[in-house]
Amino acid sequence: TGTTKPLLQCITSGVLRGAVAMVGCNNPKVRPDLAHIELMKKMLANDIIVIASGCSAQAAAKAGLMDKRAKDVCGDGLKRVCELADIPPVLHMGSCVDISRMLVLAATLAKDAGLRISQLPVVGCAPEWMSEKAVSIGNYVVATGIDTYLGVEPYVSGSTEVTGLLTNGVRDWVEAAYTVEKDIDKLGDAMLARIEEKRAALGV
């Protein structure tokens, strides 16, 4: 306890490919919980551990993904980690505004690995976001250096400059940006690809 070394070893060895912070509300424009649950299952099947907060965590709990028996939907690596550590594959990190707990964990991992947060094979995802606070929380995560994936269009499409800034331009400043994709399967693929891209850059 009190050390991130075992987690770092799992990630470096490839037993775990990375992690996803899944957050956000339900959005009345899409079927409630569906994106959260389907994306989580896709991540788990690819040996990516999920930490969740707020409504996303509730969705996971209702779907049984915070039960230790959910290891059976995981890839072999994550399943083994769940068995050895006696944990479920989706971990609860608090309410929606407790995103800071996730960032403290990311910062600790980066410090212990001698890396910048932006180099970690970690991404954030708010597939059904809808509230104003989600905007500030999402900006906090991106500004910290973690790529963030949205399943619902942000209300900025009226300005090509703002859209370009959020999805690409800010990367020059903070080494992260937003990706928007309403097709949930494609959104999951983009998250997996980004995590593997970060692993490749680290040579692990």
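Keep in mind the model is a prediction, meaning the values are calculated, not measured.

1. Notes on the sheet that holds strand S3 (residues 90-92)
Moving on, step 1. Taken in spatial order, the 6 strands of this open sheet run S3-S2-S1-S4-S5-S6, and their pairing is parallel. Both edges of this open sheet fall to S3 and strand S6 (178-180), since each of them pairs with a single strand only. Taken pair by pair, the neighbouring strands of this sheet meet at an average axis angle of 25 degrees, ignoring direction.
Moving on, step 2. Across 3 bridges, the pairing between strand S4 (residues 122-126) and strand S5 (residues 148-150) is parallel.

2. Section: the pairing of S4
Moving on, step 1. Counted residue by residue, S4 has 5 buried out of 5 residues, so it is predominantly covered.
Moving on, step 2. Burial of S4 is two-sided: the residues Val122, Gly124 and Ala126 facing one way and the residues Val123 and Cys125 facing the other way are all buried.
Moving on, step 3. Here strand S1 (residues 18-22) runs beside S4; their pairing, made up of 4 bridges, is parallel. Looking across to S4, one finds that Ala19 is bridged to Val122.
Moving on, step 4. Regarding topology, helix H6 (residues 132-144) serves as the crossover connection from S4 to the parallel S5, and that connection is right-handed.

3. Some points on the nonpolar core
Moving on, step 1. With 56 residues, the main nonpolar core has Val20, Met40, Val90, Met102, Cys125 and Met191 as its most contacted residues.
Moving on, step 2. In terms of residue count, the dominant contributor to this core is helix H5 (residues 99-113) (6 residues).
Moving on, step 3. Excluding residues that lie within four positions of it along the chain, Met40 makes contacts with Met22, Val50, Ala52, Ser56, Ala60, Leu65 and Val90.

4. Quick look at the pairing of S1
Moving on, step 1. When you tally the buried positions in S1, you get 5 out of 5 residues, the bulk of the element.
Moving on, step 2. Here 5 bridges tie S1 to strand S2 (residues 48-52), and the two strands are oriented parallel to one another. Among the inter-strand pairings, Ala21 is bridged to a residue of S2, identified as Ile51.
Moving on, step 3. Since S1 and S2 lie parallel, the crossover through helix H2 (residues 34-45) that links them has a hand, and here it is right-handed.

5. Re the side chain of His36
Moving on, step 1. Mapping His36 onto the fold places it in helix H2.
Moving on, step 2. Dropping the residues within four chain positions of it, His36 is found in contact with Met22, Val23, Gly24, Cys25, Asn26, Ser56, Ala59, Pro127 and Glu128.

6. Considering the packing of H2 against helix H3 (residues 54-62)
Two measures define how a pair of helices packs: the angle their axes make with one another and the distance between the axes.
Moving on, step 1. Close contact between H2 and H3 brings their axes to 9 Å; oriented N to C, the two are set at 70 degrees. Considering the angle they form, H2 stands roughly perpendicular to H3. With respect to the hand of their crossing, H2 and H3 are arranged in right-handed fashion. Here His36, Ile37 and Met40 of H2 come into contact with H3, specifically with Ser56, Ala59 and Ala60.

Cut-offs applied
Residues numbered from 1 in each chain as written. Predicted model: local features only at pLDDT ≥ 70, side-chain atom pairs only at ≥ 80, totals over all residues. Heavy atoms only, no water. Pairing = 2+ DSSP bridges. Helix = DSSP H or I, 4+ residues; strand = E, 2+ residues; numbered from the N terminus. Axes fitted to C-alpha atoms, helices over the stretch in contact; angles between N-to-C directions. Buried < 20%, exposed > 50% of the residue type's maximum accessible area, 1.4 Å probe, protein only. Right-handed = clockwise from strand over helix to strand, strands pointing away. Core = buried A, V, L, I, M, F, W, Y, C linked by side-chain atoms within 4.5 Å. Contact = heavy atoms within 4.5 Å. Parallel < 35°, antiparallel > 145°, perpendicular 65-115°, else oblique. Left-handed = near helix turned anticlockwise from the far one by under 90°.

Read these as layout, nothing more, since geometry by itself doesn't imply function.
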